[in-house]
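Read off the chains here:
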Amino acid sequence: MPLSRLNEEQLKAATANFGHNLIIASAGTGKTSTIVARIAYLLKQGIRAEKIMLLTFTNKASKEMIHRLSYHFDKNIIKKILAGTFHSVAYTLLKNSNKNLALKQASELKILLKSLYEKRTFRHLSEIKPYGASYLYDLYSLFQNKNTQGDFYTWFCKNYEEQSIYAEIYEDIFKEYEEEKIRFNYVDFNDLLINLKQLLKIQKYEFDEILVDEYQDTNALQSSLIEAFESKSLFCVGDYDQSIYAFNGADISIIGGFKQRFKDAQIFSLNKNYRSSRSILALANKVILNNERLYPKELIVTRNDEFKAPTLLSFDESFEQYEHIAQMILTSGVSFENIAVIFRNNSSADGLEVALRERGIASVRKGSGSFFESLEVKAFCAMLALVINPKDIMAFIHLMTYTKGVGNVLAKELFDALLKLGRGNLIQGFLNPDKNVNLKSEKKNNYDLGLFADLDEFASEKRFVLESEFNTHPILKLSKINEECAKNLEKIYIFIQKTNENHHSLNVINELCDNAFFKEICETLAIKRATNKAGQIDLLRKSENLEKISSKLAVLKELSKNYSDIYSYYNFLTLGSNEMNNSKGVNLLSIHASKGLEFDMVFVVDLAQGRFPNQKLMATSGSLEEERRLFYVAVTRAKNILYLSYAKYDRNKKANYAPSCFLIEAGFIDKNSS
């Protein structure tokens with residue numbers, strides 16, 4: 001049983017009485033084993049599996065814990081535990097009460113917001129430029145995560161005083177944005193939590209215990225949701241020294257104020273580190289002790305084997321640093337998969353990747369170049385969405401903006417017109433339009449809007465030379481539609497027509513990949529990537545780009561064989577993995593991407609003052625304390641060998657750098673000599 005393998009600290013935590021329990025689990029101290037043991041203990045105590053909720057930072061973490069439990073309990077029992085991230089658990093619960101819920105990614109909803117933003121006129125006579133739609137979306141998301149009470153207008157004016165002259169317009173944009181989301185049943189990740197909190201006011205979900213992993217990374221919204229469940233017991237596991245998500249609204253005071261919020265709170269500490277060597281832990285402890293101690297703790301080494309102490313590498317120039325590290329990796333004798341190069345700034349990874357490639361060393365750069373984030377895969381998903389969800393305005397806008405002369409505003413107006421023609425259904429609007437519908441727009445009284453400026457002007461629908469019966473479609477009467485737009489609408493019509501009766505995933509995907517509009521989108525992307533600054537197209541590069549796009553489509557086709565039903569396939573693509581990457585090699589990781597991982601050999605690079613700690617981020621949403629926690633996370637990824645490095649000069653930036661203050665705190669560099 002999981003309990004039999006625990007040390008004294010872990011066992012004491014795992015068998016704690018019901019109540020509000022906080023477990024401070026330092027790096028490498030076996031927090032996963034403790035959580036798994038706690039669930040096993042609950043089940044042995046007679047707690048029913050469906051009365052247990054497990055909230056983790058990633059779905060991968062919850063799956064691993066459930067998998068470990070399956071070795072000791074019947075799988076039919078274990079699967080009744082509600083386990084996953086805050087968002088996936090909220091999605092599951094909300095879906096039970098609203099089957100039509102459509103989860104949308106931030107990139108998609110930014111397009112919707114932009115279509116509303118572009119209709120506003122910012123009339124203020126000011127030298128201060130208004131924020132762009134994309135940045136506003138991020139600010140609104142931050143507001144939702146950090147502010148569980150109060151209104152956006154007040155919060156914005158308080159925190160962004162210089163922009164307050166536009167606050168009324170911004171507030172009005174978000175008001176219409178929320179109305180549009182309700183209209184189409186759209187939710188983003190924040191909405192999942194907000195809507196679930198509202199649902200809990202009228203519908204109770206009774207859990208005997210809620211377990212929360214990575215508790216130090218919770219934000220105000222997540223914390224308020226945990227408490228809204230009013231479960232009989234809480235089991236929160238985290239480490240305040242690894243709280244590194246302030247930029248995303250994470251609030252370290254949530255873990256810091258646990259005892260103040262819950263009068264019956266019990267605090268347990270896991271201090272025995274099973275990951276790192278004695279000298280690596282000594283370095284980590286020495287630096288992190290410069291931060292305020294919220295709860296007493298100190299990492300204790302359990303390993304008896306000895307490795308050489310962490311080493312500082314100093315270089316005159318940045319590329320010299322990257323090349324030297326690549327050469328060290330090549331001759332290290334350690335398998336590439338067990339090596340990580342960890343950086344604070346993405347720019348560091350570029351030089352490292354080049355240096356490794358020059359030596360024939362494979363690398364995996366986690367968090368960038370994602371398969372699912374590529375534009376061709378996004379267009380593929382948007383085409384699929386047209387047949388999956390006839391109300392998916394985002395998919396339609398995304399695709400139509402590949403047409404010259406069609407922006408977000410016109411694309412949205414075309415969608416609304418097709419929806420009218422289909423009596424609320426986009427597919428019917430294309431295939432069986434109601435020709436009695438009046439497309440004349442209804443004027444809205446809204447703040448500074450310019451809706452349908454001249455869309456009400458009509459022309460003959462037969463003015464375009466089209467290849468199908470679509471040439472009589474009433475949508476073509478709208479005067480704003482140009483010839484390219486008409487032809488692309490016809491191509492979408494043909495795709496919907498061919499897939500409307502047969503929803504077998506491979507059939508839909510074959511029709512999608514053969515569709516003339518989708519092929520043109522891929523051609524456009526290949527040309528754009530092959531065009532230099534002078535506007536010249538490299539035909540060889542274009543051909544290579546088309547080949548790469550074709551390879552991605554082949555992967556998507558192969559993937560579809562696991563799903564006979566196009567709906568489940570689409571759900572996988574939209575909700576699914578961000579880690580569809582089978583590459584192996586040296587791990588190039590930002591500190592945030594490295595969290596929770598461990599490696600035999602670790603290089604922490606560019607430890608130069610201004611770069612790490614990152615002066616720019618400290619001035620906006622961070623602090624020196626958080627930068628120090630980032631350093632702590634980075635060095636505690638190392639099991640056996642740790643190298644710290646910095647360069648005194650960056651050729652590209654033409655900048656000189658002093659060594660990081662963390663190198664001084666670690667005792668590598670004398671404060672007076674730096």
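The rules behind the values
Residues numbered from 1 in each chain as written. Predicted model: local features only at pLDDT ≥ 70, side-chain atom pairs only at ≥ 80, totals over all residues. Heavy atoms only, no water. Helix = DSSP H or I, 4+ residues; strand = E, 2+ residues; numbered from the N terminus. Buried < 20%, exposed > 50% of the residue type's maximum accessible area, 1.4 Å probe, protein only. Contact = heavy atoms within 4.5 Å. Pairing = 2+ DSSP bridges. Right-handed = clockwise from strand over helix to strand, strands pointing away. Axes fitted to C-alpha atoms, helices over the stretch in contact; angles between N-to-C directions. UniProt positions renumbered as here; feature names shortened; annotations may be inferred. Expected span 1.5 Å × (residues − 1). Parallel < 35°, antiparallel > 145°, perpendicular 65-115°, else oblique. Left-handed = near helix turned anticlockwise from the far one by under 90°. Nonpolar A, V, L, I, M, F, W, Y, C, P; charged D, E, K, R; others polar. Domains from an automatic or database assignment.

**Comments concerning the side chain of Asn488**
Consideration 1: Relative to the helices and strands, Asn488 resides in helix H21 (residues 483–499).
Consideration 2: Since its relative accessible area comes to 1%, Asn488 is described here as buried.
Consideration 3: Not counting residues up to four positions away in its chain, the partners in contact with Asn488 are Thr403, Phe517 and Glu520.

**What to know about the pairing of strand E7 (residues 233–238)**
Consideration 1: Counting buried positions along E7 gives 6 out of 6 residues, so the element sits mostly inside the fold.
Consideration 2: Neither face of E7 is left uncovered, since the one carrying Ser233, Phe235 and Val237 and the one carrying Leu234, Cys236 and Gly238 both have all their residues buried.
Consideration 3: One ladder, built from 5 bridges, connects strand E1 (residues 20–25) with E7; its direction is parallel. Bridge pairing in E7 links Ile24 to Gly238.
Consideration 4: Between the parallel elements strand E6 (residues 209–212) and E7, the chain passes through helix H11 (residues 220–228) in a crossover that is right-handed.

**Re the sheet that holds strand E12 (residues 339–343)**
Consideration 1: Spatially, the 6 strands line up as an open sheet ordered E11-E16-E15-E12-E14-E13, and their pairing is parallel. Edge strands, defined here as strands with exactly one partner in the open sheet, are strand E11 (311–315) and strand E13 (363–365). Neighbour-to-neighbour, the strand axes of the sheet open up by a mean angle of 20°, direction not taken into account.
Consideration 2: In this structure, E11 lies alongside strand E16 (residues 638–647), joined through 5 bridges in parallel fashion. Note on E16: the bridge partner recorded for Leu312 is Leu644.
Consideration 3: With respect to the sheet, helix H15 (residues 318–330) is in contact with E11, E12, strand E14 (586–590), strand E15 (599–604) and E16, its orientation differing from that of E16 by roughly 155°.

**Description of the UniProt feature "binding site: ATP" (unreviewed entry) in the protein chain**
Consideration 1: Annotation from UniProt places "binding site: ATP" (unreviewed entry) at Ala25, Ser26, Ala27, Gly28, Thr29, Gly30, Lys31 and Thr32.
Consideration 2: Tracing the backbone shows Ala25 in strand E1.
Consideration 3: In this view, Ala25 contacts Lys31, Val237, Gly238, Asp239, Gln242 and Leu270; residues no more than four positions away in its chain are not counted.
Consideration 4: Turning to its location among the elements, Ser26 is positioned in the loop between E1 and helix H2 (31–44).

**Focus: helix H6 (residues 106–117)**
An α-helical turn contains 3.6 residues, so a residue and the one three or four places further along point in the same direction.
Consideration 1: For H6, with 12 residues, the first-to-last C-alpha span of 16 Å sits near the 16 Å given by 1.5 Å per residue.
Consideration 2: Looking only at H6, the buried set comprises Leu109, Ile111, Leu112, Leu113, Ser115, Leu116 and Tyr117.
Consideration 3: Where the residues of H6 are buried, they touch helix H7 (133–146), helix H9 (167–184), strand E5 (186–187), helix H18 (393–400) and helix H19 (408–421).

**What about the packing of helix H10 (residues 189–200) against H11?**
Helix-helix packing is described using two parameters, namely the angle between the two axes and the distance between the axes.
Consideration 1: Interhelical geometry of H10 versus H11 gives an angle of 30° and a closest axis separation of 10 Å. Classified by the angle between their axes, H10 and H11 sit roughly parallel to one another. For the crossing formed where H10 meets H11, the hand is left-handed. Contacts between H10 and H11 involve Asn190, Leu193, Ile194, Leu196, Lys197 and Leu200 from the first element and Leu221, Gln222, Ser224, Leu225 and Ala228 from the second.

**Some remarks on the packing of H6 against H19**
Consideration 1: The contact between H6 and H19 brings their axes to 8 Å, and the two run at 100°. Taken as axis vectors, H6 and H19 run roughly perpendicular relative to one another. From H6, Ile111, Leu112, Lys114, Ser115 and Leu116 reach across to H19, where they touch Asn408, Val409 and Lys412.
Consideration 2: Class assignment of the residues belonging to the contact of H6 with H19 gives a composition of 4 nonpolar, 2 polar and 2 charged.

**So, the domain arrangement of the protein chain**
Consideration 1: Along its sequence, the protein chain is carved into domain 1 (8–99 + 191–274), domain 2 (102–184), domain 3 (300–370 + 582–666) and domain 4 (373–576).
Consideration 2: For domain 1 versus domain 4, the separation of C-alpha centres amounts to 42 Å.

**Re the side chain of Asp392**
Consideration 1: Mapped onto the fold, Asp392 is located in the loop between helix H17 (375–388) and H18.
Consideration 2: We classify Asp392 as buried; its relative accessible area is 0%.
Consideration 3: Ignoring anything within four residues of it in the chain, the contact list for Asp392 reads Lys104, Tyr186, Ala385, Phe415 and Tyr570.

**Here we look at unusual backbone geometry**
Trans peptide bonds make up most of the peptide bonds, and negative phi angles are found at most residues other than glycine.
Consideration 1: Residue Phe612 is joined to Pro613 through a cis peptide bond whose omega torsion reads 10°.
Consideration 2: Residue placement: Pro613 occurs in the loop between E15 and helix H27 (615–620).
Consideration 3: A positive phi angle is found at Arg423, which is not glycine, with a value near 50°.
Consideration 4: As for its placement among the helices and strands, Arg423 is situated in the loop between H19 and helix H20 (426–431).
Consideration 5: You can call Arg423 exposed: its relative accessible area is 64%.

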